[in-house]
Amino acid sequence: MDKLIIHGGRRLNGEIPISGAKNAALPILCTGLLTADDVVLTNVPHLKDVQTMLDLLRQMGVSIKQEGDRMILNGRNVNQFDAPYELVKTMRAAILVLCPLVARFGEARVSLPGGCAIGSRPVEQHIKGLRAMGAEVEIKGGYIYARAKRLKGTRIVTDMITVTGTENLLMAAVLAEGETIIKNAAREPEVTDLAHLLVKMGAKIEGIGTDQLVIHGVESLHGAAHHVIPDRIETGTFLCAVAATGGDVLLTNTCDNILDVALHKIREMGAVLTCCGDSIRIQMDKRPKGVSFRTTEYPGFPTDMQAQFMAVNCLAAETTHVVETIFENRFMHVQELNRLGAKIRTEGNTAFVTGVDKLVGAPVMATDLRASASLVIAGLAAQGETHVNRIYHLDRGYDQMEVKLAAVGADIRRVSKE
Ligand code: EPU
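Residues numbered from 1 in each chain as written. Predicted model: local features only at pLDDT ≥ 70, side-chain atom pairs only at ≥ 80, totals over all residues. Heavy atoms only, no water.

Further remarks concern the sheet that holds strand 14 (residues 224-227). Read across the sheet, four strands follow the order 4-5-3-14 without closing on themselves; strand pairing throughout is mixed. Edge positions in the sheet fall to strand 4 (63-67) and strand 14, since each has one partner strand and no second. Between one strand axis and the next, the sheet turns by 15 degrees as a mean value, whatever way the strands run. Summarising the sheet, strand 3 (residues 38-42) and strand 14 pair through four bridges and their orientation is parallel. The residue of strand 14 that forms the bridge with T42 is H227. Across the face of the sheet, helix 7 (residues 189-200) comes into contact with strand 3 and strand 14 while running at roughly 155 degrees to strand 14. (Pairing = 2+ DSSP bridges. Helix = DSSP H or I, 4+ residues; strand = E, 2+ residues; numbered from the N terminus. Axes fitted to C-alpha atoms, helices over the stretch in contact; angles between N-to-C directions. Contact = heavy atoms within 4.5 Å.)

A few words now on the site of the ligand. For the ligand, the set of nearby residues contains 22 residues, the closest of which are T162, T164, D304, I326 and R370. A distance of 2.7 Å separates an oxygen atom of the ligand from a polar atom in the side chain of R370. Starting from 830 Å² of accessible surface for the ligand in isolation, the protein chains cover 87%. If you list the elements that add at least two residues to the shell around the ligand, you get helix 1 (22-29), helix 5 (124-132), helix 6 (163-173) and helix 12 (369-381). When residues in the shell around the ligand are grouped by element, the largest group, three residues, is from helix 5. Its residues assigned to classes, the shell around the ligand shows ten nonpolar, six polar and six charged. (Near = heavy atom within 4 Å. Polar contact = N/O pair within 3.5 Å; in protein donor to acceptor, adjacent residues only side chain to side chain. Areas by Shrake-Rupley, 256 points an atom, 1.4 Å probe, with all protein chains shown as cover. Nonpolar A, V, L, I, M, F, W, Y, C, P; charged D, E, K, R; others polar.)

With respect to the helices, strands and loops of the structure, T346 is situated in strand 20 (residues 343-347). In the structure, T346 is positioned 24 residues away from V322 in sequence and 9.3 Å away in space, judged by C-alpha atoms. With sequence-adjacent residues up to four places away left out, T346 is seen in contact with F331, V334 and A351.

Moving on to the pairing of strand 23 (residues 385-389). Counting buried positions along strand 23 gives four out of five residues, so the element sits mostly inside the fold. Note: strand 1 (residues 2-7) against strand 23, four bridges, orientation antiparallel. Its bridge partner being in strand 23, I5 is matched across the sheet by H387. Examined bridge by bridge, strand 22 (residues 363-365) and strand 23 share three bridges and lie parallel to one another. (Buried < 20%, exposed > 50% of the residue type's maximum accessible area, 1.4 Å probe, protein only.)

Strand direction decides the pairing type here: strand 4 and strand 5 (residues 70-74), joined by five bridges, are antiparallel. Bridge pairing in strand 5 links Q66 to M71. Counted between consecutive antiparallel strands, the loop separating strand 4 from strand 5 contains two residues, among which G68 sits at a positive phi close to 60 degrees.

This part covers the sheet that holds strand 10 (residues 155-157). Overall, mixed pairing links the four strands, which are arranged 10-11-13-12 in an open sheet. This sheet does not close on itself; its edge strands, each paired only once, are strand 10 and strand 12 (204-206). Sheet twist, expressed as the average angle between the axes of neighbouring strands with direction ignored, equals 15 degrees. Across five bridges, strand 11 (residues 179-183) lies against strand 13 (residues 212-216) in antiparallel orientation. Note on strand 13: the bridge partner recorded for E179 is H216.

Moving on to helix 6. Counting buried positions along helix 6 gives nine out of eleven residues, so the element sits mostly inside the fold. Of all the positions in helix 6, only G165, T166, E167, N168, L169, L170, M171, A172 and A173 are classed as buried. At the N-terminal boundary of helix 6, the capping side chain belongs to T162, with an oxygen 2.9 Å from the backbone nitrogen of G165.

This is the structure we're talking about:
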């Protein structure tokens, strides 16, 4: 298992190119199941989760040609409608094949994802929506068995805002008969990116970017080309790294207008930001000011950036509080940050962070993707040596994070352990 060794205390200076968004790429790859034509994608990030999704699609019969960040998917010969437990247990986003399979082939057998480190994360809204569209769905032996001759448009109101739930149901509705209305839809930019590709493929969708999607189902979809949006969470993670260490870094290939809240909070921390649409320059030359926040659905403060901002708050002079409203167990980084000298206490879904003058390096263990990123940020700012263990979590969602950080002056290296 690999680990990262970081010698903290270096300012970061230079340029970091941002990769395509993981959480946009994963549903977008599933559009390869929705048509017999080529779907041509660019800006696909190099991530473990992307490879896992490609393995799953290949098993189903999707042909995939890959060259750098460009990919051509063809679903003409799909003949397996199965997502096995062995695969789904390693990546919950595999649930995103459920609706495309039922919509185009009339059947699917997909393992129920279990709980995960950050919460129980059930998928009953995906199932409820599919049933409302006329599918017969049975849960047996840990698997979802779904069947439908042709899905039928209907009104769907999800009990809560769900990102992959909205994406899955959207991919069902585009091929359903008649009109589907998805109320309480997630408005995350990744959902919007998927919708834009579906429209290019011939889908009829109104209300893109709002909480009510109206879809007029079509008989079939055709091929299209699409450039995946930049990863706003990767962008925010590097902004936090510079806010913690100080420095002057230009983030390129990104997009400032899908990051409003995070940019606002980074400015509140004392950084100077210069945004030019697809690039963001951050200059930071003082101790970060602590910022309190509460995670909510887009366009609110993203839960996927909670841990990274908390790492910066640890170094502030102020006491701040962080409220996590999306997942019930997303404070796994707290104990690890405390091992580096942070002073954080949690009470229910609130973390109270009392800033300290310095963090001191120590061995720490990553527990999930964004928790791992927060430990890297803390390690970069800490005095001495930090070892971040179990970084396979990082590789699931960050494209060569340590290489990008080393290029801007961080003392960080990956070592392989037996
Ligand atoms: N929920 C239910 N039932 C459902 C669906 C969701 O109770 O049927 C609950 C969840 O348990 C959670 C809340 O609703 O408490 C929101 O979950 P959501 O469905 O929106 O999360 P997700 O679609 O499983 C995506 C991202 C996550 C990100 C969340 C929230 C992908 C592949 N994953 O997950 O990304 O945290 O939305 O924004 O898009 C990450 O990248 O580190 C990550 C965890």
